[in-house]
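Listed below are the residues making up each chain.
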Amino acid sequence: QVRLVESGGGLVQTGGSLRLSCAPSGGTRYSMGWFRQAPGKEREFVATISSSRGNPYYADFAKGRFAISRDNAKNMVYLQMNNLVPEDTAVYYCAASDFTWPMTTKSRYAYWGQGTQVTVSS
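These lines cover the structure that appears in this document, whether it is placed above or below. (Residues numbered from 1 in each chain as written. Predicted model: local features only at pLDDT ≥ 70, side-chain atom pairs only at ≥ 80, totals over all residues. Heavy atoms only, no water.)

1. Describing the state of the cysteines
Cut-off, in case you're wondering: Counting rule for disulfides: a pair of cysteine sulfur atoms within 2.5 Å. Labels follow the DSSP assignment, with helices taken as runs of H or I lasting at least four residues and strands as runs of E lasting at least two, numbered in each case from the N terminus. Throughout, exposure labels follow a simple rule: accessible area from a 1.4 Å probe, protein chains only, divided by the maximum for the residue type, with under 20% read as buried, over 50% as exposed, and the rest as partly exposed.
One pass over the full model with this rule turns up 1 disulfide. Cys22 shares a disulfide with Cys94; S-S distance 2.0 Å. One quick way to see it: the torsion about the S-S bond of Cys22 and Cys94 is about -80°, and its sign makes the bridge left-handed. Of this pair, Cys22 sits in strand β3 (residues 18-24) while Cys94 sits in strand β9 (residues 90-97); the two residues are 72 residues apart in sequence, bridging distant segments of the chain. Given the relative accessible area of 0%, Cys22 is considered buried.

Spelled out as structure tokens, the structure:
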């Protein structure tokens with residue numbers, strides 16, 4: 001069983017930045033992803049990074065503003081979020097996948113964290 005612990009959420013003003021962190025207990029062999037869920041909406045894909053080459057892939061709304069990265073030496077995954085807008089307000093979830101390239105498919109991520117709240121004020 002893989003345990004994921006997210007941190008770094010909070011309240012920020014429009015245009016601000018936050019960095020989310022995720023510590024997977026199962027080590028560095030998993031591909032990792034970030035998803036988010038706003039009130040009344042379905043959970044949506046934000047970004048993913050592969051286990052081997054560390055290749056990133058982003059949702060269109062995240063391109064140019066968000067950056068996913070991993071530090072395998074520290075067993076950490078990060079989501080740097082810049083130029084935040086109120087529409088980014090959501091609970092952000094870290095997820096781990098056994099697939100080499102799970103992409104945007106939620107069902108390919110078997111392990112999920114408890115989520116961290118991000119609130120962007122206008």
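2. As for the pattern of salt bridges
For clarity, the cut-off: The term salt bridge refers to a side-chain nitrogen of Lys or Arg lying within 4 Å of a carboxyl oxygen of Asp or Glu.
Taken as a whole, this structure holds 5 salt bridges when the rule is applied. Between Arg29 and Asp98 there is a salt bridge, with the nearest N and O atoms lying 3.6 Å from each other. With Arg29 in the loop between β3 and β4 (31-37) and Asp98 in the loop between β9 and β10 (111-112), the pair connects residues that are 69 residues apart, well separated along the chain. By relative accessible area, Arg29 is classed as exposed at 56%. Looking at Asp98, the relative accessible area reads 46%, which means it is partly exposed. Close ionic contact of Arg65 with Asp88 constitutes a salt bridge, the shortest N to O distance being 2.7 Å. You can see Arg65 sitting in the loop between β6 (56-58) and β7 (66-71) and its partner Asp88 sitting in the loop between β8 (76-81) and β9, a full 23 residues away along the chain. Looking at Asp88, the relative accessible area reads 1%, which means it is buried.

3. As for the sheet that holds β3
Heads up, the condition is: Paired strands, in this sense, are two strands between which DSSP finds at least two bridges. Between the N-to-C directions of two axes lies an angle of 0 to 180 degrees, each axis being a line fitted to C-alpha atoms and, for a helix, fitted only over the stretch in contact.
Spatially, the 4 strands line up as an open sheet ordered β1-β3-β8-β7, and their pairing is antiparallel. Two strands in the sheet have a free side with no partner beyond their single neighbour: β1 (4-7) and β7. Across the sheet, the mean angle from the axis of one strand to that of its neighbour is 15°, orientation sign disregarded.

4. Comments concerning the nonpolar core
Spelled out, the test is: We call a set of buried residues a nonpolar core when its members are Ala, Val, Leu, Ile, Met, Phe, Trp, Tyr or Cys and they connect through side-chain atoms within 4.5 Å of each other.
Core analysis: the largest hydrophobic core is formed by 28 residues, its most contacted members being Met32, Trp34, Leu79, Met81 and Tyr92. Secondary-structure elements contributing two or more residues to this core are β3, β4, β5 (44-49), β7, β8, β9 and β11 (116-121). Looking at which element gives the most residues to this core, the answer is β9, with 4 residues. Phe35, Phe45, Ala59 and Tyr109 belong to the second-largest nonpolar core, a separate cluster that totals 5 residues.

5. Here we look at the side chain of Thr116
Our working definition: Here a polar contact is taken to be a pair of N or O atoms separated by no more than 3.5 Å, where protein atoms must pair a possible hydrogen donor with a possible acceptor and residues adjacent in sequence count only if both atoms sit in side chains. Should any heavy atoms of two residues lie within 4.5 Å, those residues are considered in contact.
Following the sequence through the fold, Thr116 ends up in strand β11. According to the relative accessible area criterion, Thr116 is buried, its value standing at 12%. At a separation of 3.2 Å, a polar atom in the side chain of Thr116 contacts the main-chain amide nitrogen of Gly9. The contact partners of Thr116, leaving out residues within four places of it in the chain, are Glu6, Ser7, Gly8, Gly9, Leu20, Ala90, Val91 and Tyr92.

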